[in-house]
Amino acid sequence: MSDQLRSDLVDLIQKGITRRRLMQSAAAAGVIATLPASARLAGAQDTLRIAFSVPGLNFPFFVHMMNLAQAHSDEIGVEMVQLDGQEQGAPSSTKQSADLEAVVAEGIDGIVISPNDVAALAPAIQAAIDAGVPVVTVDRNVTDATTLAHVGADNVRGGELQGEYVLALLPDGGNIYELQGQPGATPAIDRHTGLQNVISGQEAVKIIVSQTANFARDDAVTVFESALAGNPAPDAVVAANDDMAFGVSEVAQANGLTMPIIGFDALPEALVAIRDGNMAGTIEQFPGAQATTAIDILVAFLQDGTEPAEHDLYLEPTLITADNLAEAERAVEAGVAEAQAAATPEA
């Protein structure tokens, strides 16, 4: 872009043209991405308008994340557009990509996204960035795009916590089933890796079944029933999210089986199940804190060009059992703790 064109665009901003209108016109000319952030933002008078995209609001985890993101946006005076990536009841990378393209065309100021599939969403995310729209990823990191930041939980460590708890529960050894999450999803990959890190370092506890159930309760029911038909009953089950753990618990109760079931996400239903003895534990990854932190990073950049000190910020996950239910982010909502007991994640 020529120095004269750059000067003209900055002059228009200083005269009061809104950033959204500038984005719509300059992006079409292919020049907005080359403007410095301070120039793009100087003189913008509109309320900031950001989009928050998740793979699917049919997953309780993402419903909670979206709700807290909306509440936080309202609190800080930012307009937030909710984008639900599901199509026909299932997460869709095509739908999520199209949603990004649509909000960029409408002149959105910034985007926070938890991508359904990091590889599939990378082109749409990079296209948004190239159009001058900063993007912060949450929960699932996209390394093939030049995002502003990533905020997530250390899912490998979460999987390790599951493994360490299994070893503590089975001091004399035993056989376990592992239900993995959606293939290609980084949380599923990382949680599996963490569990393997622990189990592979000893010989007393063995994983005799390891299958995907796509983070879905119904799939977990089918997978667990099939696994029971062809294998010895497990001494414990590790699931990559709580929804799958619920499916396992349903089948176990129907078949009169009793074994420790460990989930991941610390959903209210899981917290109640732990209190009532139907689950042994779950992993808290603080999705609300992930969402609000990602929004704060994005807003700080949009307001004054502040960039995060580090690109990746990971919150330390926590093992939740009957002994520390109050540490869960949704403990009060689940009715397992009093309001004054608040969880505080560590970066």
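Report on the accompanying structure. (Residues numbered from 1 in each chain as written. Predicted model: local features only at pLDDT ≥ 70, side-chain atom pairs only at ≥ 80, totals over all residues. Heavy atoms only, no water.)

Turning our attention to the nonpolar core. Ranked by internal contacts, the top residues of the largest apolar core, which has 63 residues, are Phe-52 and Leu-179. Counting residues per element, this core draws most heavily on helix H12 (residues 287-304), at eight residues. Ignoring any residue separated from it by four or fewer positions in sequence, one finds Leu-179 in contact with Gln-211, Ala-213, Ala-220, Val-223, Val-237, Val-238, Ala-239, Ala-240, Met-244 and Val-248. In terms of nonpolar packing, the next biggest core, distinct from the first, is built from 21 residues, Ala-51, Val-118, Ala-122 and Ala-145 among them. (Core = buried A, V, L, I, M, F, W, Y, C linked by side-chain atoms within 4.5 Å. Buried < 20%, exposed > 50% of the residue type's maximum accessible area, 1.4 Å probe, protein only. Helix = DSSP H or I, 4+ residues; strand = E, 2+ residues; numbered from the N terminus. Contact = heavy atoms within 4.5 Å.)

For the rest of this paragraph, the subject is the sheet that holds strand E11 (residues 261-262). On the basis of which strands lie adjacent, the open sheet formed by four strands has the order E9-E8-E10-E11 and parallel pairing. In this open sheet, the two strands that pair with only one neighbour each are strand E9 (205-212) and E11. In the sheet, strand E8 (residues 174-180) pairs with strand E10 (residues 236-239) via four bridges, with the strands oriented parallel. Looking across to E10, one finds that Leu-179 is bridged to Ala-239. (Pairing = 2+ DSSP bridges.)

Here the focus is the pairing of strand E2 (residues 79-84). Sheet topology places strand E1 (residues 49-54) next to E2; six bridges connect them, and they run parallel. Across the sheet, Phe-52 pairs through a bridge with Gln-82, a residue of E2. On the question of chirality, the crossover connecting E1 to the parallel E2 by way of helix H4 (residues 60-76) is right-handed. (Right-handed = clockwise from strand over helix to strand, strands pointing away.)

Counting through the fold element by element, Arg-191 comes out in helix H8 (residues 186-199). For the buried Arg-191, no salt bridge is present, and the opposite-charge side chain at shortest range is Asp-265, 4.0 Å distant. Here Asn-155 takes part through its side chain, which lies 2.8 Å from a polar atom of the side chain of Arg-191. In this structure Arg-191 touches Asp-139, Asn-155, Gly-159, Phe-215, Ala-240, Asn-241, Phe-264, Asp-265 and Gln-285, once residues within four positions along its chain are discounted. (Lys, Arg positive; Asp, Glu negative; His and termini not counted. Salt bridge = Lys/Arg side-chain N within 4 Å of Asp/Glu carboxyl O. Polar contact = N/O pair within 3.5 Å; in protein donor to acceptor, adjacent residues only side chain to side chain.)

Further remarks concern the sheet that holds strand E13 (residues 312-315). Pairing between sheet strands relies on hydrogen bonds along the backbone, with the strands arranged either parallel or antiparallel. Here we have six strands laid out as an open sheet, ordered E2-E1-E5-E6-E7-E13, and parallel in their pairing. Two strands bound the open sheet, and with one partner strand each, they are E2 and E13. Taking the axes of each pair of neighbouring strands and ignoring which way they run, one obtains an average angle of 15 degrees across the sheet. The pairing of strand E5 (residues 110-113) with strand E6 (residues 135-138) spans three bridges and is classified as parallel. Opposite Ile-111, over in E6, you have Val-135 as the bridge partner. (Axes fitted to C-alpha atoms, helices over the stretch in contact; angles between N-to-C directions.)

For side chains of opposite charge, pairing can occur when their charged atoms come near one another. Considering all chains together, one arrives at eleven salt bridges under this definition. The shortest N-O distance in the salt bridge between Arg-217 and Asp-243 comes to 3.6 Å. Here Asp-243 lies in helix H10 (residues 242-254) and Arg-217 lies in helix H9 (residues 217-230), a separation of 26 residues in the sequence. Beyond isolated ion pairs, a larger network of salt bridges with shared partners links Arg-157, Glu-160, Glu-164 and Glu-316.

What follows covers the packing of H9 against H10. One can describe the packing of H9 onto H10 by two numbers: an axis separation of 7 Å at closest approach and a directional angle of 45 degrees. When the axis of H9 is compared with that of H10, the two are oblique. For the crossing formed where H9 meets H10, the hand is right-handed. Of H10, the residues touching H9 (which contributes Arg-217, Ala-220, Val-221, Phe-224, Glu-225 and Leu-228) are Asp-243, Met-244, Phe-246, Gly-247, Val-248, Glu-250, Val-251 and Ala-252. Across the contact of H9 with H10, the residue classes break down as nine nonpolar, one polar and four charged. (Parallel < 35°, antiparallel > 145°, perpendicular 65-115°, else oblique. Left-handed = near helix turned anticlockwise from the far one by under 90°. Nonpolar A, V, L, I, M, F, W, Y, C, P; charged D, E, K, R; others polar.)

What follows is about H4. For H4, built from 17 residues, the straight-helix expectation of 24 Å at 1.5 Å per residue is met to within 8% by its first-to-last C-alpha distance of 25 Å. Taken as a whole, H4 has its buried residues at Phe-61, Phe-62, His-64, Met-65, Met-66, Ala-69, Gln-70, His-72 and Ser-73. Residues of H4 that are buried sit in contact with E1, E2, E6, H12 and helix H13 (331-334). Following H4 by one or two positions, Gly-77 has its phi on the positive side, about 80 degrees. (Expected span 1.5 Å × (residues − 1).)

Scanning the model with the defined rule gives three aromatic pairs in all. Plain terms: the ring middles of Phe-59 and Phe-62 are 6.3 Å apart, the flat faces sit at 85 degrees to each other, and that makes the pair edge-to-face. Given the relative accessible area of 13%, Phe-59 is considered buried. Relative to Phe-224, the ring of Tyr-177 lies with its centre 5.7 Å away and its plane at 75 degrees, an arrangement referred to as edge-to-face. Taken together, the residues span a long stretch of sequence, with Tyr-177 in strand E8 and Phe-224 in helix H9 at a distance of 47 residues. (Phe/Tyr/Trp six-rings, centres within 6.5 Å; stacked < 30°, edge-to-face > 60°.)

A separate point is the side chain of Asp-265. Its place among the elements puts Asp-265 in the loop between E11 and helix H11 (268-275). Residue contacts for Asp-265: discarding those within four places in its chain leaves Phe-61, Arg-191, Asn-241, Asp-242, Thr-282, Ile-283, Glu-284 and Gln-285.

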